[in-house]
Amino acid sequence: MAATTPKLVVEGASRAFDGAPALAPTTLAVAAGEFVSLVGPSGCGKSTLFNVVSGLLEPDAGRVLLDGADVTGRPGAVGYMLQKDLLAPWRTVLGNIVLGAALTRGVTAADRAEAAALAERHGLGGYLDHYPHALSGGMRQRVALLRTLATGRDLLLLDEPFGALDAQTRLGMQRWLLEVRDQTGSTVLFITHDVDEAIFLSDRILVMGPRPGAIVDELAVDLPRPRTLAMATDPTAVEAKRRILATLHGEAAA
Ligand SMILES: Nc1ncnc2c1ncn2[C@@H]1O[C@H](COP(=O)(O)OP(=O)(O)O)[C@@H](O)[C@H]1O
Ligand SMILES: [Mg+2]
């Protein structure tokens, strides 16, 4: 089998704030097309790891490789949906989707056409002229995700995108995200504190320990796709959940 370059490699990346370590030296690799989730206690360094991967934050040590190229400390190479990724309230849905271009090089007619097509393909076609205040929380998160997709990057970092949504809306969003991913072929690195969500979405789950965060467990989710809600009671899912909760809460494995 020919060796393939992973989409993303993080090599021993670490980061401290004011001399206090927040992210312990962390190494991971994500294959092209893979969906990998990161779970861990609040404040353990998950968003810090994303900031490092995105190039917005320089690690104190280590490297970030995208398609084999060193992009450490170089923003712009990945699609990043921040934990508090707010829509611009004075811009329409279409205006928000093209915001990346607006802030960097100016929006072209082609940007608008592409954004409209993207919205059309992913269920937002009827909302192009709406303003964020007129949308539900779920719809706003869809717009924020399409805005991330519109940057054209094929690695998406999604930091707790559904964290503020109610359980019912969240289920719909999870299915929608998997559809979007299937259609775009994106590679996804996803942060969540919801273990069921991580199992439902992921090919692989990385579990981080408390600050300074390090990856303390890693498990493959061997469930077929497309995923269905009924899979939550599959022995594979039940065992994965037991193991992750035991790791997170320090309970002895049952
Ligand atoms: N810019 C910063 N300056 C100082 N401390 C920070 C900064 N960013 C994050 N931290 C601290 O680093 C730790 C990890 O933060 P974060 O990566 O946001 O955690 P998580 O996303 O896992 O909840 C936390 O204790 C947080 O308060
Ligand atoms: Mg965070």
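The rules behind the values
- Residues numbered from 1 in each chain as written.
- Chains lettered and ligands numbered in written order.
- Predicted model: local features only at pLDDT ≥ 70, side-chain atom pairs only at ≥ 80, totals over all residues.
- Buried ≥ 20, exposed ≤ 12 C-beta atoms within 10 Å, placed from the backbone.
- Helix = DSSP H or I, 4+ residues; strand = E, 2+ residues; numbered from the N terminus.
- Pairing = 2+ DSSP bridges.
- Domains from an automatic or database assignment.
- Contact = placed C-beta atoms within 7 Å.
- Nonpolar A, V, L, I, M, F, W, Y, C, P; charged D, E, K, R; others polar.

**Some remarks on helix H1 (residues 46-54)**
Since there are 3.6 residues in each turn of an α-helix, residues three or four apart along the chain are aligned in direction. By the criterion of burial, H1 is predominantly enclosed, with nine of the nine residues buried. For H1, the set of buried residues is Lys-46, Ser-47, Thr-48, Leu-49, Phe-50, Asn-51, Val-52, Val-53 and Ser-54. Remark: Gly-55 follows H1 within two positions and exhibits a positive phi of approximately 90 degrees.

**Thoughts on the sheet that holds strand E5 (residues 69-70)**
One open sheet holds the four strands; their spatial order is E2-E1-E4-E5, and the pairing between them is antiparallel. Each edge of the open sheet is held by one strand with a lone partner, namely strand E2 (20-30) and E5. Pairing of strand E4 (residues 61-66) with E5, which is carried by two bridges, proceeds in the antiparallel orientation. Residue Leu-66 lies in a different strand from E5, and its bridge partner there is Ala-69.

**Some details on unusual backbone geometry**
With an omega of -5 degrees, the peptide bond running from Arg-211 to Pro-212 counts as cis. Position of Pro-212 relative to the elements: it lies in the loop between strand E9 (204-208) and strand E10 (215-220). The omega torsion of the bond from Arg-225 to Pro-226 falls at 0 degrees, within 30 degrees of zero and hence cis. With respect to the helices and strands, the residue Pro-226 is situated in the loop between E10 and helix H8 (235-249). Notably, Asp-67 is not glycine yet its phi reads approximately 50 degrees, a positive angle. Accessibility expressed as a C-beta count within 10 Å gives 14 for Asp-67, which makes it partly exposed. Although it is not a glycine, Glu-160 adopts a positive phi angle of roughly 45 degrees.

**A look at the domain arrangement of the protein chain**
Domain assignment breaks the protein chain into domain 1 (1-78 + 155-254) and domain 2 (86-152). Just the C-alpha atoms count here: the centres of domain 1 and domain 2 sit 25 Å apart. Counting residues at the interface gives 12 residues for domain 1 and nine residues for domain 2. Of all the elements, helix H6 (residues 167-184) adds the most residues to the side of domain 1 that touches domain 2, at seven residues. Looking at the side of domain 1 that touches domain 2, its residues break down into eight nonpolar, four polar and no charged.

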